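Examination of the molecular architecture
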Amino acid sequence: MKQVEDEEILEKFSVEKTRNEAFNLLLQKYQQKIYWHIRRLVIDHDDTDDLVQEVFIKVWKNLEKFRNDSQLYTWIYRIATNESITFLNKQKQKNNTPLDEVSPELAENLVASAYFDGDKLQMKLQQALLTLPEKQRLVFNMKYFDDLKYEEISEILGTSVGALKASFHIAAKKIETFLLNDDISF
Amino acid sequence: MNDELEDKLKNKLSGANFTVPESYFNDLSERIQTRLSLEQMVNHSDHHGFKVPDLYFEQLNAQILSRISPQVSVAKKVKMVRWWNSDLLKYSTAACFVVVTALGLYLNNHPSVSANTNPDLANEQILFDIDEQAIIDHVQTEDSKTTTSATQKELEDYILNNYSQNDIASNF
């Protein structure tokens, strides 16, 4: 299916008559990307489902105010990231976990989830990711899995490209060490 | 002079002045292999072990749209109504009118006791409150006083002044 350009979506959204059609196109284009971005951060499917819906409702409410000073998809990613971080912070406050660490509840959810059927290596990779501080995990996910450029991640997180590169490098090293110290055979 | 400069540059570019962590090269190949495996895993696996319920994405679209649709329809239905044109005001005004009219009619047909200033009724109420024996005693005392107060001369004058001689002759 041909992907609709963001400009076309925005143009249609600005006209009352084609607003619903534009939003439908936006959903088709971004719902899966946003779902997987959130899912990798919050792990549990049901939590992700709630957050995805909240994100797109916010997008609907605020798209009219969206200015073209940033790209549409980085704007949506920013909303999704903020919603996810807010959710994770609430979870940490509930468990008395420091805000820069990852909540132990996520690792428990990963093991107990009915919607995770990865092999031993995939499970190990996710467990390695859950040992990272929150910011490094976020940067690693966006760079490695979402395949975003440093400049795009910088726009989404409001962090300098240099700091992001350092975060990613440290995160990759930690994961590497975690996997090497385990008895998994590649 | 030029040869000396050239040697210095060669030394610098060969990395003679750079250092690496201790035993860096010992496990470099293993680390490269790990990184490569990781890369392959990321590239060849769709969602790295995560999955969603069947038809989830097909329904997600509709689910989000259904949460947005009520807001759209509510926004369209909102109608500005001035408060003095509202039905509530009309009905409450009519109700007040009916209540006031009914109250007026009722008071007109059923005057209250307090509004009545008839002196006979007021005297009757006072007499009702006084002990019966006290009234009898009072009347008897007043009678006896009246009887004894008129003299014989006064009675004769009263009769002569008010009655004719014929009346007196026929009655006495």
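For the structure itself, consult the block above.
The structure reproduced in this document is the subject of the present report. Not measured: the values here are computed from a predicted model. (Residues numbered from 1 in each chain as written. Chains lettered and ligands numbered in written order. Predicted model: local features only at pLDDT ≥ 70, side-chain atom pairs only at ≥ 80, totals over all residues. Heavy atoms only, no water.)

Our next topic: the overall build of chain A. Helix and strand counts for chain A come out as nine helices and zero strands. Taken from N to C terminus, the helices and strands of chain A fall in the order α-α-α-α-α-α-α-α-α. When the 186 residues of chain A are sorted by exposure, 53% land in the buried category. Contacts in chain A between residues far apart in sequence, at least 24 positions, make up 61% of those at least 6 positions apart. In the form shown here, chain A has an accessible surface area of approximately 9,200 Å², with 48% of it arising from carbon and sulfur atoms. (Helix = DSSP H or I, 4+ residues; strand = E, 2+ residues; numbered from the N terminus. Buried < 20%, exposed > 50% of the residue type's maximum accessible area, 1.4 Å probe, protein only. Contact = heavy atoms within 4.5 Å. Areas by Shrake-Rupley, 256 points an atom, 1.4 Å probe, with all protein chains shown as cover.)

Attention shifts here to the overall build of chain B. Helix and strand counts for chain B come out as eight helices and zero strands. Listed by position from the N terminus, the elements making up chain B come as α-α-α-α-α-α-α-α. A burial count over chain B gives 10% of its 172 residues as buried. In the form shown here, chain B has an accessible surface area of approximately 15,400 Å², with 58% of it arising from carbon and sulfur atoms.

On to the packing of helix 2 (residues 19–42) of chain A against helix 7 (residues 134–145) of chain A. Packed helix pairs are specified by the crossing angle of their axes together with the interaxial distance, meaning the distance between the axes. Residues and elements named next belong to chain A. Interaxial distance between helix 2 and helix 7 falls to 10 Å at its minimum, and their mutual angle equals 140°. The handedness of the crossing between helix 2 and helix 7 is right-handed. Counted together, His37, Arg40 and Leu41 of helix 2 and Arg137, Leu138, Asn141, Met142 and Phe145 of helix 7 form the full contact between these two elements. In terms of residue class, the contact of helix 2 with helix 7 is made up of four nonpolar, two polar and two charged. (Axes fitted to C-alpha atoms, helices over the stretch in contact; angles between N-to-C directions. Left-handed = near helix turned anticlockwise from the far one by under 90°. Nonpolar A, V, L, I, M, F, W, Y, C, P; charged D, E, K, R; others polar.)

Moving on to a nonpolar patch on the surface. All names here are of chain B. A cluster of nonpolar residues, Leu103, Tyr106 and Leu107, forms a patch on the protein surface that exposes about 340 Å² of accessible area. Following the sequence through the fold, Leu107 ends up in helix 4 (residues 87–109). Owing to a relative accessible area of 52%, Leu107 belongs among the exposed residues under this scheme. (Patch = residues over 30% accessible without salt bridge, like charges linked within 9 Å, V, L, I, M, F, W, Y side chains within 5 Å. Salt bridge = Lys/Arg side-chain N within 4 Å of Asp/Glu carboxyl O.)

Let's shift gears to a negative patch on the surface. Residue and element names in this part refer to chain B. A contiguous patch of negative charge on the surface is contributed by Asp3, Glu4, Glu6 and Asp7. Structurally, the position occupied by Glu6 is in helix 1 (residues 2–13). Judged by relative accessible area, Glu6 falls into the partly exposed class, the value being 43%. (Lys, Arg positive; Asp, Glu negative; His and termini not counted. Charge placed at Lys NZ, Arg CZ, Asp CG, Glu CD.)

A few words on the interface of chain B and chain A. Reports of interface size often rely on the accessible area that becomes lost once the parts have come together. At the junction of the two partners, chain B supplies 29 residues and chain A supplies 41 residues. Here chain B packs against chain A, burying approximately 3,600 Å² in sum over the two surfaces, 66% of which is carbon and sulfur. Per-residue buried area on chain B facing chain A is highest for B:Phe50, B:Lys51 and B:Phe57; these three make up 19% of the total on that side. Viewed at the interface, chain A and chain B are joined by one salt bridge. At the surface where chain B touches chain A, the tally comes to eight residue pairs in polar contact (both at pLDDT 80 or more). Those elements that place two or more of their residues in the side of chain B that touches chain A are helix 2 (28–44) and helix 3 (56–77) of chain B. (Buried area = accessible area lost by both parts, 1.4 Å probe. Polar contact = N/O pair within 3.5 Å; in protein donor to acceptor, adjacent residues only side chain to side chain.)

A few words on the nonpolar core. For soluble globular proteins, nonpolar side chains are generally found buried alongside one another. A:Phe23, A:Leu26, A:Ile34, A:Phe56, A:Leu72, A:Phe140 and A:Ile175 are the most contacted members of the largest nonpolar core, which totals 67 residues. Counting residues per element, this core draws most heavily on helix 2 of chain A, at twelve residues. Split by domain, this core shows at least three residues from each of two domains, domain 1 (1–98) and domain 2 (118–186) of chain A. In this view, A:Phe56 contacts A:Phe23, A:Leu26, A:Leu27, A:Tyr30, A:Gln31, A:Ile34, B:Ile64 and B:Ile68; residues no more than four positions away in its chain are not counted. (Core = buried A, V, L, I, M, F, W, Y, C linked by side-chain atoms within 4.5 Å. Domains from an automatic or database assignment.)

Scanning the model with the defined rule gives nine salt bridges over all chains in all. Between A:Glu54 and B:Arg67 there is a salt bridge, and its shortest N-O distance comes to 2.9 Å. With A:Glu54 in helix 3 (residues 45–62) and B:Arg67 in helix 3, this pair bridges two chains. Residues A:Glu134 and A:Arg137 are paired through a salt bridge, measuring 2.8 Å at the closest nitrogen-oxygen approach. A residue pair is termed a helical-turn pair when its members lie 3 or 4 positions apart in one helix, as A:Glu134 and A:Arg137 do in helix 7 at three residues. Among the charged side chains, a salt-bridge network with shared partners connects A:Glu8, A:Lys12 and A:Glu21.

Our focus in this paragraph is helix 6 (residues 120–129) of chain A. Among the ten residues of helix 6 of chain A, eight are classified as buried, and the element is accordingly described as predominantly covered. Along helix 6 of chain A, the residues classified as buried are A:Leu121, A:Gln122, A:Met123, A:Lys124, A:Leu125, A:Gln126, A:Ala128 and A:Leu129.

Right, let's talk about the side chain of A:His45 for a bit. Along the polypeptide, A:His45 turns up in helix 3. When sequence neighbours within four positions are dropped, the list of residues in contact with A:His45 reads A:Tyr35, A:Arg39, A:Tyr115, B:Val52, B:Pro53 and B:Tyr56.

Attention now goes to the environment of A:Glu152. Residue and element names in this part refer to chain A. For Glu152, the position within the fold is in helix 8 (residues 150–157). Remark: the alpha-carbon pair of Glu152 and Thr74, spanning 78 residues in sequence, is separated by 6.8 Å. Not counting residues within four places of it along the chain, the set of residues in contact with Glu152 comprises Tyr73 and Thr74. Within polar-contact distance, the side chain of Glu152 engages the backbone nitrogen of Lys149 at 2.9 Å.

Here we take up unusual backbone geometry. Non-glycine residue A:Ile43 carries a positive phi angle of around 70°. With relative accessibility at 1%, the residue A:Ile43 sits in the buried group.

Honestly, that's just the spatial picture; any functional story needs more than this.
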